[in-house]
Amino acid sequence: MNNCENYRFIETHRPFRDLTFKFYSNGSLTIIDNSADEVISPRELKGASYDFYVRKRIAYIKQDLTAKLNKYA
């Protein structure tokens, strides 16, 4: 089963995008620009939205590593 965690982020500076970040349990990611209704890549993120992405990605990796350590320790 591939679980998904959704996070919404609205940029406060131009281009003022409304973004949805979908982090899947298999490590994949989908970023949706809700205003344009299109998928964007992490390379297209700047400023606060990029910072948000990096922080959530690091938190996901830490959570995944902790779960694996607990499972196999």
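Everything here concerns the structure above.
Because the structure is predicted, anything quoted here is derived from the model rather than measured.

So, unusual backbone geometry: which residues are in play, and what are the values?
Even without a glycine there, the phi angle at D37 is positive, about 55°. Its place among the elements puts D37 in the loop between β3 (29-33) and β4 (38-40).

Any chance you could break down helix α1 (residues 47-72) for me, citing the residues and the numbers?
Helical periodicity: at 3.6 residues per turn, an α-helix aligns residues three or four positions apart in one direction. Spanning 26 residues, α1 covers 38 Å between terminal C-alpha atoms, matching the ideal 38 Å at 1.5 Å per step. Looking at α1, one finds that the buried residues are S49, F52, Y53 and Y60. Of the surrounding secondary structure, the elements contacted by the buried residues of α1 are β1 (4-10), β2 (18-24) and β3.

If you had to explain the sheet that holds β2 to someone new, which residues and values would you point to?
Strand order across the open sheet formed by four strands is β1-β2-β3-β4, with antiparallel pairing between neighbours. Bordering the open sheet on either side are β1 and β4, each of which pairs with just one other strand. Between one strand axis and the next, the sheet turns through 30° on average, direction left out of account. Summarising the sheet, β2 and β3 pair through five bridges and their orientation is antiparallel.

Can you break down the packing of aromatic side chains residue by residue, with the values?
Under the defined criterion, the tally for this structure stands at six aromatic pairs. When the ring of F21 is compared with that of F52, the centres are 5.1 Å apart and the planes differ by 55°; the resulting orientation is tilted. Here F52 lies in helix α1 and F21 lies in strand β2, a separation of 31 residues in the sequence. Here F21 matches F52 in class, with each residue buried. Three or more aromatic residues joined by ring pairs make a cluster, and in this case those are Y7, F9, F21, F23 and F52.

About the thresholds
Residues numbered from 1 in each chain as written. Predicted model: local features only at pLDDT ≥ 70, side-chain atom pairs only at ≥ 80, totals over all residues. Heavy atoms only, no water. Helix = DSSP H or I, 4+ residues; strand = E, 2+ residues; numbered from the N terminus. Expected span 1.5 Å × (residues − 1). Buried < 20%, exposed > 50% of the residue type's maximum accessible area, 1.4 Å probe, protein only. Contact = heavy atoms within 4.5 Å. Pairing = 2+ DSSP bridges. Axes fitted to C-alpha atoms, helices over the stretch in contact; angles between N-to-C directions. Phe/Tyr/Trp six-rings, centres within 6.5 Å; stacked < 30°, edge-to-face > 60°.

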